[in-house]
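# Remarks on the overall topology
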Amino acid sequence: MEFEFHVTLSDLSPQEKQTFIRICEEENVKPVLIELDQGEHIHQPMITGIVHSEDFQDVQRIIEEISITFRNNGFTVVRTKVEIPAKEERFFKQPMVPQYRPYFEWHGKVQVEDVNRLKHICAGTGGHISRNSLHKNGSIRFVTVREYEHADHFYRSVEEIHNILQSNQIELIKQQYELCIYDSREELDRGWI
């Protein structure tokens, strides 16, 4: 099974960004500098990686190894998150991680010049806007939908956003459907979700 993991660090100073990127390259993980469009924690520097395994313990071990590397270089780990493809829906009803309630998440990548317009058209659909500030192209944004209750609600919300984007001539560049099976600090998204 494919596991995607995220390790979020506390906000970086300008001097720390180059070290962060260098360590990510050395560890073969992707650096992402998430900026939410609103919320209590706007800046969320994150490491993203993929693990192919049948054992969630392998993922946890790799996350801990990478976290130690960053801690040893003076960074503070504030969150870990693990996702699998949304088609693995059985783990929504039967959580892989005991004591944790999974949720669905969809990310759609778009390019827009008018970010306020994007926020406006997504506002009633549960679409939340963010960007990766490492992208040289400042008009690239991500629309995120999160659903905690029902798979069918999740897919209907995503379809509604597809329709709204299409009717507003906003091309969906890329999309990803996920099931988050573990998130150590969902509260970092307070005020955004």
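Further up the page is the structure itself.
What comes next concerns the included structure. Every chain's residues receive numbers from 1 upward, in the order its sequence appears when written. In keeping with the predicted nature of the model, local features appear solely for residues at pLDDT of at least 70, side-chain atom pairs appear and are counted solely at 80 or more, and the whole-chain, interface and lining totals rest on all residues. Excluded from the side-chain calculation are hydrogens and water; included are all heavy atoms of the structure.

Turning next to the overall build of the protein. For the protein, the count of helices and strands is five helices and eight strands. Secondary structure counts use DSSP, requiring at least four H or I residues in a row for a helix and at least two E residues in a row for a strand, with both numbered from the N terminus. Starting at the N terminus and ending at the C terminus, the protein contains elements arranged as β-α-β-β-α-β-α-β-α-β-β-α-β. For 193 residues, the compact-globule formula gives about 16 Å, and the C-alpha radius of gyration of the protein, at 17 Å, lands near that figure. Oriented by its inertia axes, the alpha-carbon framework of the protein measures out at about 50 × 40 × 25 Å. To sort residues, take the accessible area from a 1.4 Å probe on protein chains only and compare it with the maximum for the residue type: under 20% means buried, over 50% means exposed, and anything in between is partly exposed. By the burial criterion, 47% of the 193 residues in the protein qualify as buried. When checking whether two residues touch, look at their non-hydrogen atoms; a contact exists if any pair is within 4.5 Å. Considering only residue pairs separated by 6 or more positions, the protein has 76% of its internal contacts joining residues 24 or more positions apart. Here the radius of gyration uses the C-alpha set of atoms, whereas the globule reference equals 2.2 Å times the residue count to the power 0.38.

What follows covers the environment of glutamine 38. Mapped onto the elements of the fold, glutamine 38 is located in the loop between β2 (30–36) and β3 (43–52). Taking the C-alpha atoms as reference points, glutamine 38 and phenylalanine 154, separated by 116 residues in sequence, lie 22 Å from one another. The residues touching glutamine 38, leaving out its near neighbours within four places in the chain, are Gly191 and Trp192. Any N or O atom pair separated by 3.5 Å or less is treated as a polar contact, with the protein-specific requirement of one donor-capable and one acceptor-capable atom, and with residues adjacent in sequence counted only for side-chain atom pairs. One polar contact links the side chain of glutamine 38 to the main-chain carbonyl oxygen of glycine 191, over a distance of 3.4 Å.

Once that is clear, we can look at the sheet that holds strand β7 (residues 140–147). The strand order β1-β3-β2-β6-β7-β5-β8-β4 describes a closed barrel built from eight strands, whose pairing is antiparallel. Looking at each pair of strands side by side, their axes are set apart by 35° on average, direction ignored. Note: two strands are recorded as paired if DSSP finds a minimum of 2 bridges between them. Of the pairings in the sheet, the one linking strand β5 (residues 103–111) to β7 comprises eight bridges and is antiparallel in character. For glycine 108, the partnering residue across the bridge sits in β7 and is valine 143. Fitted lines through C-alpha atoms give the axes, limited to the stretch in contact for helices. The angle between two N-to-C directions lies from 0 to 180 degrees. Set on the sheet, helix α1 (residues 14–27) makes contact with β1 (2–9), β2 and β3; between it and β2 the angle comes to about 135°. This element, helix α4 (residues 115–122), spans β5, β6 (128–132) and β7 of the sheet and lies at about 20° to β7.

Contact pair α1 / helix α2 (residues 56–72): the axes reach a minimum separation of 11 Å and the direction vectors enclose 145°. In the crossing of α1 with α2, the sense of the turn from one axis to the other is right-handed. Note on element contacts: α2 touches α1 through Ile66, Thr69 and Phe70, opposite Phe20, Ile23, Cys24 and Glu27. Any residue that is not Ala, Val, Leu, Ile, Met, Phe, Trp, Tyr, Cys, Pro, Asp, Glu, Lys or Arg is counted as polar, Gly included; the first ten are nonpolar and the last four charged. Among the residues forming the contact of α1 with α2, the class breakdown is five nonpolar, one polar and one charged. A clockwise turn of the near helix away from the far one marks a right-handed crossing, whereas an anticlockwise turn of less than a right angle marks a left-handed crossing.

Moving on: the side chain of arginine 79. Tracing the chain through its elements places arginine 79 in strand β4 (residues 77–85). Exposure remark for arginine 79: the relative accessible area of 4% places this residue in the buried category. A polar atom in the side chain of arginine 79 sits 3.3 Å from the side chain of glutamine 44. Side-chain polar atoms of arginine 79 contact the side chain of aspartate 183, separated by 2.7 Å. Setting aside residues no more than four positions away along its own chain, arginine 79 makes contact with His6, Val7, Thr8, Gln44, Tyr103, Arg146, Asp183, Ser184, Arg185, Glu186, Leu188 and Asp189.

Non-glycine residue glutamine 99 carries a positive phi angle of around 70°. Of note, glutamine 99 is situated in the loop between α3 (90–93) and β5. One non-glycine residue, glutamine 169, lies in positive phi territory at about 55°. Here glutamine 169 shows up in the loop between α5 (151–167) and β8 (172–183). Here glutamine 169 falls in the exposed class, since its relative accessible area comes to 70%.

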